[in-house]
Amino acid sequence: MSKTEHPFAPGARVAVSEKYTDNVAENFVDKVYKSGNFTLRGSKQQWSPWQSTWSDKRWSAMETGSGFHRRRLDLWDDATDQELKEKIEAQNVKKRWRDIRSKIDNIKEPTAALCDAVEAALSLPRPTLGRDEGQS
């Protein structure tokens, strides 16, 4: 395939990945240019496609331009669907956990009842003072 022959046609589903995190977001190709570059819905940022040389021959793209924060994307197709869904589910669980931790961290005056409830919810044994029951 030449630079203009790639599967990133208008409407193609893609998974955009942040460079320094595991975050993945769904988007769709909006416009393809004669150069082979394309844009995504709601953005003027162009992307440059490439195909891996590994055995899976996966199609990806990088944001054009310079800078350290360039994102990449992968074609979201039958071969990558399960992997991408798992990544998105994992990031949703991490966000949910951060939200829970934030709520706990913002409690200024915890009570014994609150601590008991959290420990019960987590099914954790109450901590002891030392290894030999109260001796340090």
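These figures come from a predicted structure and were not determined experimentally.

A. Highlighting the confidence of the model for the protein chain. Taken as a whole, the protein chain shows an average pLDDT of 86; of its residues, 87% reach a score of 70 or greater. The least confident element of the protein chain, judged by mean pLDDT, is helix H2 (residues 112-122) at 89; the most confident is strand E3 (residues 38-40) at 97.

B. The packing of aromatic side chains, seen in detail. By the definition in use, this model includes two aromatic pairs. Centroid distance Phe-8 to Phe-38: 4.7 Å. Interplanar angle 20 degrees. Geometry classified as stacked. A residue pair is termed long-range when its members are at least 10 positions apart, and Phe-8 in the segment before strand E1 (13-17) and Phe-38 in strand E3 qualify at 30 residues. Judged by its relative accessible area of 1%, Phe-8 falls in the buried class. Phe-38 sits in the buried class, given a relative accessible area of 0%. Plain terms: the ring middles of Phe-8 and Trp-59 are 6.3 Å apart, the flat faces sit at 85 degrees to each other, and that makes the pair edge-to-face. Separated by 51 residues along the polypeptide, Phe-8 in the segment before E1 and Trp-59 in strand E5 (residues 59-63) bring together distant segments of the chain. What links up through ring pairs into an aromatic cluster is the set Phe-8, Phe-38 and Trp-59. The side chain of Arg-13 reaches across the aromatic face of Trp-76, ending 3.8 Å from its centre.

C. Up close: the nonpolar core. With 12 residues, the main nonpolar core is built from Phe-8, Ala-12, Val-14, Val-16, Val-29, Phe-38, Leu-40, Trp-47, Trp-59, Ala-61, Leu-73 and Leu-75. When residues of this core are traced back to their parent elements, those giving at least two are E1, E3, E5 and strand E6 (72-75). Sequence-distant contacts of Phe-8, that is, excluding residues within four places in its chain, are made with Val-14, Val-29, Val-32, Phe-38, Pro-49, Trp-59, Ser-60, Leu-73 and Leu-75.

D. Representation of the sheet that holds E5. Spatially, six strands are ordered E1-E2-E3-E4-E5-E6 in a closed barrel, and the strand pairing comes out antiparallel. Between one strand axis and the next, the sheet turns by 40 degrees as a mean value, whatever way the strands run. Pairing of strand E4 (residues 46-51) with E5, which is carried by five bridges, proceeds in the antiparallel orientation. Note on E5: the bridge partner recorded for Trp-47 is Glu-63.

E. Representation of the pairing of E1 in the model. Burial runs high along E1: four of the five residues are buried. The pairing of E1 with strand E2 (residues 24-32) spans five bridges and is classified as antiparallel. Following the sheet pairing, Val-16 is matched in E2 by Ala-25. Bridge count between E1 and E6: four bridges; the pairing is antiparallel. Across the sheet, Val-14 pairs through a bridge with Leu-75, a residue of E6.

F. Quick look at a nonpolar patch on the surface. Where nonpolar side chains cluster on the molecular surface, the patch consists of Trp-97, Ile-100, Ile-104, Ile-107, Leu-114, Val-118 and Leu-122 and spans about 580 Å² of accessible area. Given a relative accessible area of 44%, Ile-104 falls into the partly exposed group.

G. Looking closely at helix H1 (residues 81-105). Over its 25 residues, H1 runs 36 Å from end to end, which matches the ideal 36 Å to within 8%, given 1.5 Å per residue. Of the residues making up H1, those classed as buried are Asp-81, Leu-84 and Gln-91. Elements that come into contact with the buried residues of H1 comprise E1, E2 and E6.

Definitions and cut-offs
Residues numbered from 1 in each chain as written. Predicted model: local features only at pLDDT ≥ 70, side-chain atom pairs only at ≥ 80, totals over all residues. Heavy atoms only, no water. pLDDT = per-residue confidence, 0-100. Helix = DSSP H or I, 4+ residues; strand = E, 2+ residues; numbered from the N terminus. Phe/Tyr/Trp six-rings, centres within 6.5 Å; stacked < 30°, edge-to-face > 60°. Buried < 20%, exposed > 50% of the residue type's maximum accessible area, 1.4 Å probe, protein only. Lys NZ or Arg CZ within 6 Å of the ring centre and 35° of its normal. Core = buried A, V, L, I, M, F, W, Y, C linked by side-chain atoms within 4.5 Å. Contact = heavy atoms within 4.5 Å. Pairing = 2+ DSSP bridges. Axes fitted to C-alpha atoms, helices over the stretch in contact; angles between N-to-C directions. Patch = residues over 30% accessible without salt bridge, like charges linked within 9 Å, V, L, I, M, F, W, Y side chains within 5 Å. Areas by Shrake-Rupley, 256 points an atom, 1.4 Å probe, with all protein chains shown as cover. Salt bridge = Lys/Arg side-chain N within 4 Å of Asp/Glu carboxyl O. Expected span 1.5 Å × (residues − 1).

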